[in-house]
Amino acid sequence: MKIGIGYDIHRLDKGRQMVIGGVKIPCDRGPIGHSDGDVLLHALCDAILGAMGEGDIGMKFPDTDPRYKDASSMGFLDEVAGSMRGKGFKPGNVDCIVITEEPRLGPYRDGMKKNISVALGIRQDDVNIKGKTSEAMGDIGEKKAMAAYVVVTLIKE
């Protein structure tokens, strides 16, 4: 078994689409990024890549490459999942924390779990997503940023 941890943070700005876990969420601001800025999927990709010893999302999908401008992070996850399967691994479980003052994740959590479980080929019960705030402290608390942490276990098939 291998274990990986992923982290991502993005500044937020008005006029950007909010995407978390591949789900578009109505919100007055969204993440600033070269791609769609999906902090959850970026952290998940980092966790899987880390468990496999393959660097990080910035090495695999550099923000200097125009192919990834405004790209959907679901595409990143699909490619990382393909590499994972190619190395003979499957996820045992995925545990996620998304830290944001808004939006509240509750109404969107099932959609996020479905997107992740389908991309990774696992049951939705093997994906856990927790929404947290920073209690109005720091840039996240001031609604200037959002972050995510993910831990994943990979099992050799």
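See the structure above.
Residues numbered from 1 in each chain as written. Predicted model: local features only at pLDDT ≥ 70, side-chain atom pairs only at ≥ 80, totals over all residues. Heavy atoms only, no water.

**Thoughts on the pairing of strand S6 (residues 127-132)**
Thinking step 1. As paired strands, strand S5 (residues 89-99) and S6 are joined by six bridges and run parallel to one another. Its bridge partner being in S6, Val 94 is matched across the sheet by Val 127.
Thinking step 2. This β-α-β element, S5 to helix H4 (residues 109-120) to S6, shows right-handed connectivity. (Pairing = 2+ DSSP bridges. Helix = DSSP H or I, 4+ residues; strand = E, 2+ residues; numbered from the N terminus. Right-handed = clockwise from strand over helix to strand, strands pointing away.)

**So, the environment of Pro 62**
Thinking step 1. Structurally, Pro 62 can be placed in the loop between helix H2 (57-60) and helix H3 (73-86).
Thinking step 2. In this structure the C-alpha to C-alpha distance between Pro 62 and Cys 45, which are 17 residues apart in sequence, comes to 13 Å.
Thinking step 3. The residues contacting Pro 62, other than those within four sequence positions of it, are His 34, Ile 57 and Tyr 68. (Contact = heavy atoms within 4.5 Å.)

**Considering the packing of helix H1 (residues 39-52) against H4**
Thinking step 1. H4 packs onto H1 with a crossing angle of 30° between their chain directions and a minimal axis gap of 12 Å. Along this stretch, H1 crosses H4, giving a crossing that reads as right-handed. In contact with Leu 40, Leu 41, Leu 44 and Ile 48 of H1, H4 contributes Met 112, Ile 116 and Leu 120.
Thinking step 2. Broken down by class, the residue content of the contact of H1 with H4 amounts to seven nonpolar, no polar and no charged. (Axes fitted to C-alpha atoms, helices over the stretch in contact; angles between N-to-C directions. Left-handed = near helix turned anticlockwise from the far one by under 90°. Nonpolar A, V, L, I, M, F, W, Y, C, P; charged D, E, K, R; others polar.)

Any functional reading would require information that these geometric values do not contain.
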